[in-house]
Amino acid sequence: MLLPYWRPTVTNPEGVSPILGGPVLIVGAGLIGASIGKALVAAGVDVHLWDIDHSNALVAAGRGAGQLDGLDDAAYRIVVVATPPSAVASTIVERLNRHPHAVITDTASVKGAIFTELTDLAAGQDVDLARYVGSHPMAGTQYAGPLTASDELFVDRTWVVTPRTDNRYDDVKQVVALAQVCGARVVSMDAGEHDRAVAEVSHLPHLMSILTAANLRHARAEHLRLAGSGIRDVTRIARSQTAMWRQILTSNRTEVRSQLEAIRDDLDDLLSRLDDPDRLEEFLGVGQSGARKIAGKHGHQMMETTAVVVEIPDAPGALAKLFGDVEAAGVNVEDLSVEHDPAREVGFLSIDVAPDRAEQLRVSMRNHGWSVRS
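Residues numbered from 1 in each chain as written. Predicted model: local features only at pLDDT ≥ 70, side-chain atom pairs only at ≥ 80, totals over all residues. Heavy atoms only, no water.

Trainee: Outline the overall build of the protein, supporting the account with residue identities and numerical values.
Mentor: In terms of helices and strands, the protein carries 13 helices and 13 strands. Looking at the 374 residues of the protein, the share that counts as buried comes to 40%. Looking at the protein alone, contacts between residues at least 24 apart form 72% of all its contacts between residues at least 6 apart. Of the roughly 20100 Å² of accessible surface on the protein, a fraction of 54% belongs to carbon and sulfur atoms. (Helix = DSSP H or I, 4+ residues; strand = E, 2+ residues; numbered from the N terminus. Buried < 20%, exposed > 50% of the residue type's maximum accessible area, 1.4 Å probe, protein only. Contact = heavy atoms within 4.5 Å. Areas by Shrake-Rupley, 256 points an atom, 1.4 Å probe, with all protein chains shown as cover.)

Trainee: Could you give an account of the packing of aromatic side chains, with specific residues and numbers?
Mentor: In the structure shown here, the tally under the stated rule is one aromatic pair. Its end group placed over the ring of Trp 50, Arg 95 keeps NZ or CZ at 5.2 Å from the ring centre. (Phe/Tyr/Trp six-rings, centres within 6.5 Å; stacked < 30°, edge-to-face > 60°. Lys NZ or Arg CZ within 6 Å of the ring centre and 35° of its normal.)

Trainee: Could you give an account of the confidence of the model for the protein, naming the residues involved and the relevant values?
Mentor: Within the protein, residue pLDDT values average 86, and 89% of them lie at 70 or more. Within the model, pLDDT remains below 50 along residues 1–16, and this stretch shows 32 contacts once partners closer than five positions in the same chain are excluded. (pLDDT = per-residue confidence, 0-100.)

Trainee: How would you explain the nonpolar core if you had to name every residue and give the values?
Mentor: Core analysis: the biggest nonpolar cluster contains 34 residues, and Ile 36, Leu 40, Phe 154, Trp 159 and Val 161 have the highest contact counts within it. Where this core is concerned, the elements lending two or more residues are β2 (24–27), α1 (31–42), β3 (47–50), β5 (78–81), β8 (158–162) and α5 (169–181). Apart from residues no more than four positions distant in its own chain, Ile 36 is found in contact with Ile 26, Val 80, Thr 107, Phe 154, Trp 159 and Cys 182. Of all hydrophobic cores here, the second largest spans 19 residues; its members include Tyr 76, Val 88, Ala 89 and Val 93. (Core = buried A, V, L, I, M, F, W, Y, C linked by side-chain atoms within 4.5 Å.)

Trainee: Lay out a nonpolar patch on the surface with the relevant residues and their values.
Mentor: On the surface, Leu 267, Leu 271 and Leu 274 cluster together into a nonpolar patch covering about 300 Å² of accessible area. Of note, Leu 274 is situated in the loop between α10 (253–273) and α11 (277–292). (Patch = residues over 30% accessible without salt bridge, like charges linked within 9 Å, V, L, I, M, F, W, Y side chains within 5 Å. Salt bridge = Lys/Arg side-chain N within 4 Å of Asp/Glu carboxyl O.)

Trainee: Please set out empty space enclosed by the protein residue by residue, giving values where relevant.
Mentor: Empty pockets left among the atoms are what a rolling probe the size of a water molecule brings to light. Considering all chains together, one arrives at one cavity of 30 Å³ or more under this definition. In this model, the largest cavity occupies a volume close to 40 Å³. The wall of the largest cavity is formed by Pro 85, Ala 108, Ser 109, Val 110, Ile 114, Ile 248 and Ser 251. A class-by-class count of the residues in the lining of the largest cavity yields five nonpolar, two polar and no charged. (1 Å grid on protein atoms, 1.4 Å probe; cavity = no way out; pocket = protein on both sides within 12 Å on 5 of 7 lines; lining within 4 Å. Points joined across faces, edges and corners; volume = space filled by probe spheres on them. Nonpolar A, V, L, I, M, F, W, Y, C, P; charged D, E, K, R; others polar.)

Trainee: Give me the sheet that holds β3: which residues, what numbers.
Mentor: Pairing within the open sheet is parallel, and its five strands lie in the order β4-β3-β2-β5-β6. Each of the sheet's edge strands pairs with one partner strand only, and the pair in question is β4 (67–68) and β6 (103–106). Two strands pair when backbone bridges link them, and β2 and β3 are joined in this way by four bridges, in the parallel orientation. By the bridge assignment for β3, Val 27 is matched with Trp 50. In the packing of α1 onto the sheet, the strands contacted are β2, β3 and β5, and the crossing angle to β2 comes to about 160°. Contacts from helix α3 (residues 88–98) reach β2, β3, β5 and β6, with the element oriented near 170° to β6. (Pairing = 2+ DSSP bridges. Axes fitted to C-alpha atoms, helices over the stretch in contact; angles between N-to-C directions.)

Trainee: Please give an account of the pattern of salt bridges that cites residues and values.
Mentor: Once their charged atoms are close, side chains differing in charge can pair, the charge on each being opposite to the other. Summed over all chains, the structure comprises 15 salt bridges. For the salt bridge of Arg 273 with Asp 269, the shortest nitrogen-to-oxygen distance reads 3.0 Å. One end of the pair is Arg 273 and the other is Asp 269, both in helix α10 and four residues apart, which spans about a single turn. Judged by relative accessible area, Arg 273 falls into the buried class, the value being 11%. The partner of Asp 269 in a salt bridge is Arg 279, and the shortest N-O contact between them spans 3.9 Å. Linking Asp 269 in helix α10 with Arg 279 in helix α11, this pair joins segments that are 10 residues apart in sequence. Through salt bridges with shared partners, a single network forms among Asp 128, Arg 131, Arg 168 and Asp 171.

Trainee: Give a description of the side chain of Arg 164 that names residues and reports values.
Mentor: As for its position among the elements, Arg 164 is in the loop between β8 and α5. On the basis of relative accessibility, which here comes to 14%, the residue Arg 164 falls in the buried class. A polar contact is formed between the side chain of Arg 164 and the backbone oxygen of Tyr 132, at a distance of 2.9 Å. Within polar-contact distance, the side chain of Arg 164 engages the side chain of Asp 166 at 3.0 Å. (Polar contact = N/O pair within 3.5 Å; in protein donor to acceptor, adjacent residues only side chain to side chain.)

Trainee: An account of the packing of α10 against α11 is requested, with residue identities and associated values reported.
Mentor: Two measures define how a pair of helices packs: the angle their axes make with one another and the distance between the axes. At a minimum axis separation of 8 Å, α10 and α11 run at an interaxial angle of 150°. Compared by their axis directions, α10 and α11 come out roughly antiparallel. Across the interface between the two elements, Asp 266, Asp 269, Leu 270, Ser 272 and Arg 273 of α10 pack against Arg 279, Leu 280, Glu 282 and Phe 283 of α11. For the contact of α10 with α11, a count of residues per class yields three nonpolar, one polar and five charged. (Parallel < 35°, antiparallel > 145°, perpendicular 65-115°, else oblique.)

Trainee: Can you lay out the packing of helix α6 (residues 191–215) against helix α9 (residues 242–251) for me, pointing to particular residues and giving the numbers?
Mentor: Running from N to C, α6 and α9 cross one another at 125°; their axes reach a closest spacing of 11 Å. Classified by the interaxial angle, the pair formed by α6 and α9 is oblique. α9 is crossed by α6, and the crossing has left-handed handedness. For the pair α6 and α9, contact is made by Ser 202, His 203, His 206 and Leu 207 and by Trp 245, Ile 248 and Leu 249, respectively. Classifying every residue of the contact of α6 with α9 gives four nonpolar, three polar and no charged. (Left-handed = near helix turned anticlockwise from the far one by under 90°.)

Structural data, given as structure tokens:
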């Protein structure tokens, strides 16, 4: 359910900078926390860092994510809790007690379980839970730690804010401004709806990647040499930290279980269709329909594309030259990916373009001396 007093999508009008009060304290200087810090510092915000592992805070500070925590507790106006999921609720309670003038937000990917735990921890204490406004930046990589942080990690990415009816409007505005300063597109959702949504679009896909990668343990080495970009794309996120994902999936296990049960039903259906080509193709069409529902660039509907595959030598400057020649062709690129040939020192750049522009790009690439495979 979308909360009635907050628009479901909050955009930052062009040329208008969101007003973000500071100083900001970031608790947890890993990939997400340090990336938030770098984005805020780049925007001129006064940012301070704290991490239970002081070396993380030192590295993040050295990479421009903020200063080491040194202000009085009462000075902070925003505290961002970017700790591992298992420590989020206890850290929020601690910081609510320590920073009486701050709105507290977090970056945890499950919201309902966080608030339930918060309520239990705060029972019997004089804790102002209204100063906690949940949020979840929908961005990240399979990597971890402040060395991988980027001030552009959240640019044009969705950042969900999950306000409650007891939150003060000005506090919610500060969390929205925080996300906007980081370059994100803000969406407001009820915590329960958020948890269902991330189970569908994040947690289940992660488990499907895990299942595909786990199946490769049965593959022979000579078979794996046939692996191309498709299997690499599907299994990329399976390399993410298992300890963190254990916490995420456990916290959202009710919604994740529901998604897996639906997949089990679809798998049984698919098995029943394998001997009937017509019914099999019908099932494949259902997958196509689902894929088309995912938004493409800039939030627009996903468009059909044609891949133009160009061979590139594994040499310095080759990729930059190829990009220059693509630009010179005057063809808009919808997406691209690079695959390496395991037997030769070459790679293949797959360039997705509108079908009616594919032949134009092929001709232009060949005229510039490139070997085009399709």
